[in-house]
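One-letter residues, chain by chain:
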Amino acid sequence: MNDYNRQSQEEEQLLYNHWLELVQVEQPAELIGRFRTLFIHGGIGYPDRAIADALQKIAASTRGQQEFKYILNRCCHIPINRWQTSPSKQAAIPELIAVFEEAPKIVFGYSRSRAIGSIPQLVHQFTESEQYLTLKRLAQVITHSSFDTSNSKIPAPLALGTLIPRYPYLYKHCLLSDDSTYEQQKIIQKIQAQKQQQFEIDLSQYVAHQVRKAQTARRQTSISFGRGIQNIKNPTLLSDPELFFALKQFVGKVEGADTYRQLAGRFTANASTTASYGSFKDDLYEYLISSVADDRYGKSQFNEKLYKQLQNTFPHNDDHKFNEFLMIRTCSQLLNFLVVESPARPNHFVFIDLISNLGPTQTTGLLLKIVLICSKVKPYLEKRLAILFGHYEFCTREGVVWLVKALENLNLALSTNFGKVDVSFLR
(Lines give C-alpha, C1' and ligand atoms only; values in the text may rest on other atoms or scores of the structure.)
Protein backbone atom coordinates (compact mmCIF):
# COMPACT_ATOMS: atom_id res chain seq x y z
CA MET A 1 0.00 0.00 0.00
CA ASN A 2 1.50 3.37 -0.96
CA ASP A 3 1.71 6.30 1.47
CA TYR A 4 -1.10 8.15 -0.38
CA ASN A 5 -3.63 5.33 0.13
CA ARG A 6 -2.47 4.74 3.70
CA GLN A 7 -3.00 8.41 4.55
CA SER A 8 -6.45 8.34 2.97
CA GLN A 9 -7.49 5.28 4.96
CA GLU A 10 -6.20 6.83 8.18
CA GLU A 11 -8.45 9.84 7.56
CA GLU A 12 -11.42 7.56 6.91
CA GLN A 13 -10.75 5.65 10.12
CA LEU A 14 -10.47 8.94 12.02
CA LEU A 15 -13.95 9.80 10.74
CA TYR A 16 -15.42 6.41 11.74
CA ASN A 17 -13.83 6.54 15.21
CA HIS A 18 -15.26 10.03 15.66
CA TRP A 19 -18.83 8.78 15.20
CA LEU A 20 -18.22 5.59 17.19
CA GLU A 21 -17.17 7.70 20.17
CA LEU A 22 -19.89 10.36 19.85
CA VAL A 23 -22.80 7.94 19.42
CA GLN A 24 -22.08 6.60 22.90
CA VAL A 25 -22.16 9.98 24.65
CA GLU A 26 -24.37 12.33 22.63
CA GLN A 27 -28.12 12.42 22.12
CA PRO A 28 -29.49 11.78 18.59
CA ALA A 29 -30.46 15.45 18.10
CA GLU A 30 -26.87 16.54 18.79
CA LEU A 31 -25.44 13.93 16.46
CA ILE A 32 -27.87 14.84 13.68
CA GLY A 33 -26.81 18.47 14.07
CA ARG A 34 -23.18 17.41 13.67
CA PHE A 35 -24.03 15.46 10.48
CA ARG A 36 -25.75 18.54 9.07
CA THR A 37 -22.80 20.82 9.82
CA LEU A 38 -20.09 18.42 8.65
CA PHE A 39 -21.68 16.95 5.52
CA ILE A 40 -24.38 19.35 4.36
CA HIS A 41 -22.52 22.57 5.14
CA GLY A 42 -19.10 21.19 4.27
CA GLY A 43 -17.68 21.31 7.79
CA ILE A 44 -17.88 25.13 8.13
CA GLY A 45 -18.00 25.87 11.84
CA TYR A 46 -17.63 22.22 12.85
CA PRO A 47 -16.39 22.11 16.47
CA ASP A 48 -13.74 19.46 15.86
CA ARG A 49 -11.34 21.00 13.32
CA ALA A 50 -9.30 17.82 12.88
CA ILE A 51 -12.39 15.93 11.70
CA ALA A 52 -13.44 18.70 9.30
CA ASP A 53 -9.88 18.79 7.88
CA ALA A 54 -9.86 14.99 7.46
CA LEU A 55 -13.12 15.14 5.52
CA GLN A 56 -11.77 17.94 3.33
CA LYS A 57 -8.70 15.84 2.50
CA ILE A 58 -10.89 12.85 1.63
CA ALA A 59 -13.05 15.02 -0.64
CA ALA A 60 -9.98 16.49 -2.34
CA SER A 61 -8.39 13.10 -3.15
CA THR A 62 -9.22 11.07 -6.24
CA ARG A 63 -9.76 7.92 -4.20
CA GLY A 64 -11.89 9.80 -1.69
CA GLN A 65 -14.18 11.10 -4.42
CA GLN A 66 -14.55 7.60 -5.86
CA GLU A 67 -15.25 6.04 -2.47
CA PHE A 68 -17.20 8.90 -0.90
CA LYS A 69 -20.65 7.28 -1.13
CA TYR A 70 -19.34 4.20 0.68
CA ILE A 71 -17.56 6.28 3.33
CA LEU A 72 -20.64 8.39 4.01
CA ASN A 73 -22.88 5.31 4.03
CA ARG A 74 -20.72 3.74 6.71
CA CYS A 75 -20.75 6.98 8.73
CA CYS A 76 -24.57 6.91 8.63
CA HIS A 77 -24.76 3.30 9.71
CA ILE A 78 -22.64 3.83 12.83
CA PRO A 79 -25.40 5.77 14.66
CA ILE A 80 -28.18 3.83 12.88
CA ASN A 81 -26.83 0.49 14.15
CA ARG A 82 -26.63 1.88 17.69
CA TRP A 83 -30.03 3.61 17.68
CA GLN A 84 -31.78 0.59 16.22
CA THR A 85 -31.14 -1.33 19.44
CA SER A 86 -32.84 1.39 21.53
CA PRO A 87 -36.60 1.77 20.97
CA SER A 88 -36.54 5.33 22.33
CA LYS A 89 -33.95 6.35 19.71
CA GLN A 90 -35.27 4.54 16.63
CA ALA A 91 -37.34 7.57 15.57
CA ALA A 92 -34.07 9.48 15.09
CA ILE A 93 -33.02 7.19 12.23
CA PRO A 94 -35.43 8.64 9.63
CA GLU A 95 -34.49 12.14 10.85
CA LEU A 96 -30.81 11.47 10.24
CA ILE A 97 -31.49 10.08 6.76
CA ALA A 98 -33.76 13.05 5.94
CA VAL A 99 -30.89 15.49 6.62
CA PHE A 100 -29.38 14.59 3.26
CA GLU A 101 -32.49 15.79 1.44
CA GLU A 102 -31.08 19.27 2.10
CA ALA A 103 -27.96 18.53 0.01
CA PRO A 104 -29.31 19.59 -3.43
CA LYS A 105 -30.38 23.00 -2.07
CA ILE A 106 -26.91 23.59 -0.63
CA VAL A 107 -24.92 22.47 -3.66
CA PHE A 108 -26.85 24.70 -6.05
CA GLY A 109 -25.55 27.67 -4.07
CA TYR A 110 -21.99 26.83 -5.14
CA SER A 111 -20.39 27.91 -8.37
CA ARG A 112 -19.61 25.04 -10.72
CA SER A 113 -15.85 25.35 -10.23
CA ARG A 114 -16.17 25.41 -6.46
CA ALA A 115 -18.63 22.51 -6.38
CA ILE A 116 -16.45 20.01 -8.22
CA GLY A 117 -14.79 17.85 -5.58
CA SER A 118 -16.46 19.81 -2.78
CA ILE A 119 -18.12 18.08 0.16
CA PRO A 120 -21.63 19.39 -0.72
CA GLN A 121 -21.20 18.19 -4.31
CA LEU A 122 -20.10 14.72 -3.17
CA VAL A 123 -22.96 14.56 -0.66
CA HIS A 124 -25.35 15.53 -3.46
CA GLN A 125 -23.99 12.63 -5.54
CA PHE A 126 -24.49 10.37 -2.51
CA THR A 127 -28.22 11.24 -2.50
CA GLU A 128 -28.45 9.81 -6.02
CA SER A 129 -26.69 6.54 -5.13
CA GLU A 130 -27.96 3.05 -4.41
CA GLN A 131 -26.56 3.44 -0.88
CA TYR A 132 -28.83 6.38 -0.10
CA LEU A 133 -31.83 4.71 -1.71
CA THR A 134 -31.45 1.74 0.65
CA LEU A 135 -31.24 4.19 3.57
CA LYS A 136 -34.48 5.88 2.52
CA ARG A 137 -36.20 2.49 2.29
CA LEU A 138 -34.95 1.70 5.78
CA ALA A 139 -36.44 5.00 6.98
CA GLN A 140 -39.80 3.93 5.51
CA VAL A 141 -39.66 0.61 7.34
CA ILE A 142 -38.80 2.22 10.67
CA THR A 143 -41.31 5.08 10.31
CA HIS A 144 -44.21 2.74 9.56
CA SER A 145 -44.06 0.47 12.57
CA SER A 146 -47.34 -1.25 11.75
CA PHE A 147 -48.84 -2.82 8.66
CA ASP A 148 -51.67 -0.32 8.65
CA THR A 149 -51.13 1.57 5.39
CA SER A 150 -54.80 1.91 4.53
CA ASN A 151 -56.05 4.66 2.27
CA SER A 152 -57.63 6.39 5.25
CA LYS A 153 -54.24 7.25 6.72
CA ILE A 154 -51.99 7.71 3.69
CA PRO A 155 -52.92 10.34 1.13
CA ALA A 156 -53.03 9.50 -2.55
CA PRO A 157 -51.18 9.36 -4.81
CA LEU A 158 -48.99 6.92 -2.92
CA ALA A 159 -45.65 5.87 -4.42
CA LEU A 160 -45.08 2.14 -4.52
CA GLY A 161 -41.82 2.64 -2.61
CA THR A 162 -43.69 3.73 0.51
CA LEU A 163 -45.15 0.23 0.76
CA ILE A 164 -41.77 -1.39 1.47
CA PRO A 165 -42.65 -1.89 5.20
CA ARG A 166 -45.38 -4.33 4.15
CA TYR A 167 -43.05 -6.85 2.50
CA PRO A 168 -40.40 -8.29 4.83
CA TYR A 169 -39.32 -10.75 2.13
CA LEU A 170 -37.95 -7.79 0.15
CA TYR A 171 -35.85 -6.35 2.98
CA LYS A 172 -32.67 -8.31 2.34
CA HIS A 173 -32.64 -7.16 -1.27
CA CYS A 174 -33.97 -3.60 -0.83
CA LEU A 175 -32.46 -2.44 2.48
CA LEU A 176 -28.89 -3.62 1.94
CA SER A 177 -26.34 -2.53 -0.65
CA ASP A 178 -23.17 -4.19 -1.94
CA ASP A 179 -21.02 -2.52 0.74
CA SER A 180 -23.29 -3.40 3.68
CA THR A 181 -21.37 -4.75 6.64
CA TYR A 182 -22.11 -7.98 8.50
CA GLU A 183 -23.53 -5.90 11.37
CA GLN A 184 -25.93 -4.12 8.99
CA GLN A 185 -27.03 -7.46 7.56
CA LYS A 186 -27.77 -8.79 11.06
CA ILE A 187 -29.81 -5.68 11.92
CA ILE A 188 -31.91 -5.97 8.75
CA GLN A 189 -32.35 -9.68 9.44
CA LYS A 190 -33.66 -8.83 12.92
CA ILE A 191 -36.03 -6.15 11.60
CA GLN A 192 -37.26 -8.59 8.94
CA ALA A 193 -37.98 -11.28 11.54
CA GLN A 194 -39.88 -8.79 13.74
CA LYS A 195 -41.97 -7.48 10.84
CA GLN A 196 -42.68 -10.98 9.57
CA GLN A 197 -43.78 -12.16 12.99
CA GLN A 198 -46.04 -9.13 13.42
CA PHE A 199 -47.65 -9.70 10.03
CA GLU A 200 -48.29 -13.37 10.81
CA ILE A 201 -49.86 -12.45 14.16
CA ASP A 202 -52.05 -9.78 12.51
CA LEU A 203 -53.06 -12.18 9.75
CA SER A 204 -53.93 -15.02 12.16
CA GLN A 205 -55.98 -12.69 14.34
CA TYR A 206 -57.83 -11.20 11.40
CA VAL A 207 -58.70 -14.53 9.81
CA ALA A 208 -59.86 -15.97 13.15
CA HIS A 209 -61.85 -12.77 13.76
CA GLN A 210 -63.59 -13.00 10.38
CA VAL A 211 -64.45 -16.66 10.87
CA ARG A 212 -65.77 -15.95 14.37
CA LYS A 213 -67.67 -12.94 13.04
CA ALA A 214 -69.37 -15.06 10.37
CA GLN A 215 -70.28 -17.76 12.89
CA THR A 216 -71.65 -15.22 15.37
CA ALA A 217 -73.63 -13.41 12.69
CA ARG A 218 -75.41 -16.65 11.87
CA ARG A 219 -76.39 -17.17 15.50
CA GLN A 220 -77.09 -13.66 16.77
CA THR A 221 -78.74 -10.44 15.75
CA SER A 222 -76.60 -7.69 14.28
CA ILE A 223 -77.12 -5.60 17.44
CA SER A 224 -75.78 -8.22 19.86
CA PHE A 225 -73.00 -9.10 17.41
CA GLY A 226 -71.85 -5.48 17.27
CA ARG A 227 -71.38 -5.50 21.02
CA GLY A 228 -69.73 -8.91 21.17
CA ILE A 229 -66.73 -8.74 18.85
CA GLN A 230 -64.10 -6.04 18.55
CA ASN A 231 -63.32 -4.93 15.01
CA ILE A 232 -59.91 -5.95 13.61
CA LYS A 233 -58.45 -4.50 10.42
CA ASN A 234 -57.48 -6.49 7.36
CA PRO A 235 -53.62 -6.51 7.47
CA THR A 236 -53.33 -6.71 3.67
CA LEU A 237 -54.19 -4.39 0.80
CA LEU A 238 -56.49 -7.06 -0.66
CA SER A 239 -60.25 -7.01 -0.26
CA ASP A 240 -61.75 -9.67 2.01
CA PRO A 241 -62.88 -11.83 -0.95
CA GLU A 242 -59.41 -11.56 -2.53
CA LEU A 243 -57.70 -12.35 0.77
CA PHE A 244 -59.75 -15.45 1.52
CA PHE A 245 -59.56 -16.70 -2.06
CA ALA A 246 -55.76 -16.40 -1.87
CA LEU A 247 -55.52 -18.12 1.52
CA LYS A 248 -57.69 -21.02 0.38
CA GLN A 249 -55.48 -21.37 -2.70
CA PHE A 250 -52.22 -21.35 -0.75
CA VAL A 251 -53.26 -23.68 2.09
CA GLY A 252 -56.35 -25.44 0.69
CA LYS A 253 -57.04 -28.03 -1.98
CA VAL A 254 -56.18 -26.75 -5.44
CA GLU A 255 -56.06 -29.84 -7.64
CA GLY A 256 -58.48 -32.55 -6.60
CA ALA A 257 -57.85 -33.39 -2.95
CA ASP A 258 -54.30 -32.01 -2.88
CA THR A 259 -52.79 -28.79 -1.53
CA TYR A 260 -49.79 -27.15 -3.20
CA ARG A 261 -47.58 -28.64 -0.49
CA GLN A 262 -48.90 -32.14 -1.10
CA LEU A 263 -48.44 -31.79 -4.87
CA ALA A 264 -44.87 -30.62 -4.32
CA GLY A 265 -44.13 -33.50 -1.96
CA ARG A 266 -45.34 -36.03 -4.50
CA PHE A 267 -43.37 -34.38 -7.29
CA THR A 268 -40.09 -34.32 -5.34
CA ALA A 269 -40.55 -37.96 -4.29
CA ASN A 270 -40.94 -38.94 -7.95
CA ALA A 271 -38.07 -36.67 -9.04
CA SER A 272 -35.67 -38.50 -6.74
CA THR A 273 -36.17 -41.62 -8.84
CA THR A 274 -36.05 -39.85 -12.22
CA ALA A 275 -33.35 -41.36 -14.40
CA SER A 276 -32.39 -38.40 -16.56
CA TYR A 277 -32.48 -34.62 -16.52
CA GLY A 278 -34.54 -34.62 -19.73
CA SER A 279 -37.21 -36.75 -18.04
CA PHE A 280 -37.21 -34.43 -15.04
CA LYS A 281 -37.92 -31.43 -17.28
CA ASP A 282 -40.84 -33.26 -18.91
CA ASP A 283 -42.28 -34.08 -15.48
CA LEU A 284 -41.71 -30.50 -14.32
CA TYR A 285 -43.63 -29.18 -17.32
CA GLU A 286 -46.65 -31.38 -16.50
CA TYR A 287 -46.42 -30.42 -12.81
CA LEU A 288 -46.54 -26.70 -13.64
CA ILE A 289 -49.17 -26.59 -16.39
CA SER A 290 -51.66 -28.42 -14.19
CA SER A 291 -52.01 -25.10 -12.32
CA VAL A 292 -52.90 -23.10 -15.41
CA ALA A 293 -56.65 -23.34 -14.89
CA ASP A 294 -57.50 -21.26 -17.95
CA ASP A 295 -57.17 -23.97 -20.62
CA ARG A 296 -57.68 -21.48 -23.44
CA TYR A 297 -54.79 -19.31 -22.27
CA GLY A 298 -52.58 -22.31 -21.53
CA LYS A 299 -53.18 -24.10 -24.79
CA SER A 300 -53.04 -21.01 -26.96
CA GLN A 301 -49.96 -19.34 -25.48
CA PHE A 302 -48.39 -20.20 -22.18
CA ASN A 303 -47.91 -23.95 -22.34
CA GLU A 304 -45.89 -23.79 -25.54
CA LYS A 305 -43.70 -20.96 -24.21
CA LEU A 306 -43.07 -22.89 -20.99
CA TYR A 307 -42.26 -26.09 -22.88
CA LYS A 308 -39.73 -24.30 -25.12
CA GLN A 309 -38.18 -22.59 -22.11
CA LEU A 310 -37.61 -25.93 -20.39
CA GLN A 311 -36.35 -27.65 -23.53
CA ASN A 312 -33.81 -24.86 -24.01
CA THR A 313 -32.60 -25.06 -20.40
CA PHE A 314 -29.22 -26.84 -20.30
CA PRO A 315 -30.11 -29.22 -23.19
CA HIS A 316 -26.58 -30.68 -23.13
CA ASN A 317 -27.49 -32.25 -19.77
CA ASP A 318 -30.67 -33.98 -20.96
CA ASP A 319 -29.07 -37.45 -20.95
CA HIS A 320 -27.22 -36.86 -17.68
CA LYS A 321 -28.43 -38.17 -14.34
CA PHE A 322 -30.72 -35.71 -12.60
CA ASN A 323 -29.33 -34.09 -9.40
CA GLU A 324 -30.03 -31.26 -6.94
CA PHE A 325 -27.66 -28.86 -8.70
CA LEU A 326 -29.67 -29.20 -11.93
CA MET A 327 -32.89 -28.74 -9.94
CA ILE A 328 -31.65 -25.43 -8.48
CA ARG A 329 -30.32 -24.13 -11.79
CA THR A 330 -33.51 -25.09 -13.63
CA CYS A 331 -35.83 -23.49 -11.07
CA SER A 332 -33.69 -20.32 -11.09
CA GLN A 333 -33.93 -20.12 -14.87
CA LEU A 334 -37.69 -20.65 -14.64
CA LEU A 335 -38.07 -17.73 -12.25
CA ASN A 336 -36.06 -15.55 -14.65
CA PHE A 337 -38.49 -16.55 -17.38
CA LEU A 338 -41.70 -16.23 -15.33
CA VAL A 339 -40.93 -13.04 -13.38
CA VAL A 340 -37.89 -10.98 -14.45
CA GLU A 341 -34.28 -11.71 -15.29
CA SER A 342 -32.16 -8.94 -13.81
CA PRO A 343 -32.03 -5.19 -13.10
CA ALA A 344 -30.01 -4.80 -16.30
CA ARG A 345 -32.67 -6.69 -18.28
CA PRO A 346 -35.94 -5.96 -16.46
CA ASN A 347 -38.27 -7.38 -19.12
CA HIS A 348 -41.28 -8.96 -17.42
CA PHE A 349 -43.82 -9.43 -20.21
CA VAL A 350 -44.48 -13.06 -19.24
CA PHE A 351 -45.25 -12.06 -15.64
CA ILE A 352 -47.68 -9.32 -16.68
CA ASP A 353 -49.25 -11.70 -19.20
CA LEU A 354 -49.76 -14.36 -16.53
CA ILE A 355 -51.34 -11.89 -14.10
CA SER A 356 -53.58 -10.49 -16.84
CA ASN A 357 -54.85 -13.94 -17.78
CA LEU A 358 -54.67 -16.01 -14.59
CA GLY A 359 -54.89 -13.26 -11.98
CA PRO A 360 -52.33 -12.51 -9.25
CA THR A 361 -53.36 -15.39 -6.97
CA GLN A 362 -53.03 -18.22 -9.47
CA THR A 363 -49.86 -16.66 -10.88
CA THR A 364 -48.43 -16.65 -7.35
CA GLY A 365 -49.56 -20.26 -6.99
CA LEU A 366 -47.44 -21.15 -10.02
CA LEU A 367 -44.39 -19.51 -8.40
CA LEU A 368 -45.19 -21.19 -5.09
CA LYS A 369 -45.12 -24.59 -6.79
CA ILE A 370 -41.53 -23.92 -7.84
CA VAL A 371 -40.22 -22.84 -4.43
CA LEU A 372 -42.03 -25.72 -2.72
CA ILE A 373 -40.08 -28.28 -4.76
CA CYS A 374 -36.83 -26.31 -4.40
CA SER A 375 -36.75 -24.14 -1.27
CA LYS A 376 -33.19 -23.03 -2.06
CA VAL A 377 -34.54 -20.75 -4.81
CA LYS A 378 -36.92 -18.94 -2.41
CA PRO A 379 -34.38 -16.08 -1.93
CA TYR A 380 -33.99 -16.02 -5.71
CA LEU A 381 -37.77 -15.52 -6.13
CA GLU A 382 -37.71 -12.77 -3.51
CA LYS A 383 -34.90 -11.11 -5.45
CA ARG A 384 -37.01 -11.21 -8.67
CA LEU A 385 -39.83 -9.34 -6.90
CA ALA A 386 -37.32 -6.90 -5.41
CA ILE A 387 -36.11 -6.11 -8.93
CA LEU A 388 -39.67 -5.32 -10.03
CA PHE A 389 -40.24 -3.31 -6.85
CA GLY A 390 -37.16 -1.22 -7.61
CA HIS A 391 -38.20 -0.85 -11.25
CA TYR A 392 -41.59 0.65 -10.30
CA GLU A 393 -40.61 2.17 -6.95
CA PHE A 394 -41.39 5.76 -7.89
CA CYS A 395 -44.65 4.98 -9.71
CA THR A 396 -47.92 5.59 -7.92
CA ARG A 397 -49.50 2.58 -6.31
CA GLU A 398 -52.63 3.19 -8.38
CA GLY A 399 -50.53 2.91 -11.55
CA VAL A 400 -49.21 -0.57 -10.69
CA VAL A 401 -52.15 -2.23 -8.98
CA TRP A 402 -51.21 -5.54 -10.65
CA LEU A 403 -47.80 -5.47 -8.91
CA VAL A 404 -49.23 -4.49 -5.53
CA LYS A 405 -51.63 -7.44 -5.71
CA ALA A 406 -48.77 -9.74 -6.73
CA LEU A 407 -46.64 -8.53 -3.80
CA GLU A 408 -49.54 -9.02 -1.39
CA ASN A 409 -50.26 -12.51 -2.71
CA LEU A 410 -46.63 -13.55 -2.45
CA ASN A 411 -46.56 -12.25 1.12
CA LEU A 412 -49.47 -14.56 1.91
CA ALA A 413 -48.05 -17.52 -0.02
CA LEU A 414 -44.66 -17.35 1.70
CA SER A 415 -46.11 -16.65 5.16
CA THR A 416 -48.54 -19.57 5.03
CA ASN A 417 -46.08 -22.06 3.53
CA PHE A 418 -42.74 -21.02 5.04
CA GLY A 419 -43.75 -19.00 8.10
CA LYS A 420 -45.41 -19.97 11.38
CA VAL A 421 -48.89 -18.70 10.63
CA ASP A 422 -51.53 -21.45 10.68
CA VAL A 423 -54.75 -20.88 8.78
CA SER A 424 -55.16 -24.53 7.75
CA PHE A 425 -58.66 -24.52 9.25
CA LEU A 426 -59.75 -22.62 6.12
CA ARG A 427 -59.35 -25.79 4.07
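Before reading further, recall that the structure is shown in the block above.
Only a predicted model underlies this, so the values are computations on that prediction, with no experimental measurement involved.

Q: Residue-level account of the overall build of the protein, with values.
A: Of the regular secondary structure elements, the protein holds 21 helices and 0 strands. Taking all 427 residues of the protein together, the buried fraction comes to 52%. In the structure as shown, the protein presents an accessible area of about 20600 Å², 50% of it carried by carbon and sulfur atoms.

Q: I'd like a description of the packing of helix 16 (residues 295–311) against helix 18 (residues 349–358), backed by residues and values.
A: Where helix 16 meets helix 18, the axes come as close as 12 Å, and the angle between the chain directions of the two elements is 155 degrees. By the angle between their directions, the pair helix 16 and helix 18 is classed as roughly antiparallel. Crossing of helix 16 over helix 18 shows left-handed handedness. In this structure, helix 16 contributes Y297, Q301, F302 and K305 to the contact, and helix 18 contributes D353, L354, N357 and L358. Class assignment of the residues belonging to the contact of helix 16 with helix 18 gives a composition of 4 nonpolar, 2 polar and 2 charged.

Q: I'd like to hear about the packing of aromatic side chains, residue by residue, with values.
A: In total, this model carries 17 aromatic pairs according to the counting rule given. Relative to Y132, the ring of F126 lies with its centre 5.4 Å away and its plane at 55 degrees, an arrangement referred to as tilted. Taking 6.0 Å as the distance between ring centres and 55 degrees as the angle between the ring planes, the aromatic pair formed by Y167 and Y169 counts as tilted. Each of the two residues, Y167 as well as Y169, counts as buried.

Q: Let's hear about helix 9 (residues 130–143): which residues, and what values?
A: Between its first and last C-alpha atoms helix 9 spans 20 Å; for 14 residues at 1.5 Å apiece the expected length is 20 Å, and the two agree. Judged by how many residues are buried, helix 9 sits mostly within the fold: 10 of 14 residues are covered. By the burial criterion, the buried members of helix 9 are Q131, Y132, L133, T134, L135, R137, L138, A139, V141 and I142. Of the surrounding elements, those touching the buried residues of helix 9 are helix 4 (62–84), helix 5 (92–98), helix 8 (119–126), helix 10 (171–174), helix 11 (182–219) and helix 20 (378–391).

Q: Go over the pattern of salt bridges, please, and point to the residues and values.
A: Tallied over the full model, the rule gives 16 salt bridges. Close ionic contact of R137 with E130 constitutes a salt bridge, the shortest N to O distance being 3.9 Å. With a relative accessible area of 42%, E130 lands in the partly exposed category. With its nearest N and O atoms 3.4 Å apart, the salt bridge here joins K308 to E304. On the criterion of helical spacing, the pair formed by K308 and E304 is a turn pair, its members being 4 residues apart in helix 16. What makes E304 partly exposed here is its relative accessible area of 46%. In this structure, a network of salt bridges that share partners links the residues E130, R137 and E393.

Q: Before we move on, can you summarise the environment of C75 with the specific residues and values?
A: Mapped onto the elements of the fold, C75 is located in helix 4. What makes C75 buried here is its relative accessible area of 0%. If we ignore the near neighbours within four places in the chain, the residues touching C75 are L15, Y16, W19, F35 and F39.

Q: Break down the environment of K195 for me, citing the residues and quoting the values.
A: Structurally, K195 can be placed in helix 11. Judged by relative accessible area, which is 9%, K195 ranks as buried. Between the alpha carbons of K195 and V141 there is a distance of 9.1 Å; along the sequence they are 54 residues apart. Side-chain polar atoms of K195 contact the backbone oxygen of V141, separated by 3.1 Å.

The rules behind the values
Residues numbered from 1 in each chain as written. Predicted model: local features only at pLDDT ≥ 70, side-chain atom pairs only at ≥ 80, totals over all residues. Heavy atoms only, no water. Helix = DSSP H or I, 4+ residues; strand = E, 2+ residues; numbered from the N terminus. Buried < 20%, exposed > 50% of the residue type's maximum accessible area, 1.4 Å probe, protein only. Areas by Shrake-Rupley, 256 points an atom, 1.4 Å probe, with all protein chains shown as cover. Axes fitted to C-alpha atoms, helices over the stretch in contact; angles between N-to-C directions. Parallel < 35°, antiparallel > 145°, perpendicular 65-115°, else oblique. Left-handed = near helix turned anticlockwise from the far one by under 90°. Contact = heavy atoms within 4.5 Å. Nonpolar A, V, L, I, M, F, W, Y, C, P; charged D, E, K, R; others polar. Phe/Tyr/Trp six-rings, centres within 6.5 Å; stacked < 30°, edge-to-face > 60°. Expected span 1.5 Å × (residues − 1). Salt bridge = Lys/Arg side-chain N within 4 Å of Asp/Glu carboxyl O. Polar contact = N/O pair within 3.5 Å; in protein donor to acceptor, adjacent residues only side chain to side chain.

Purely geometric stuff here, so don't read any function into it on its own.
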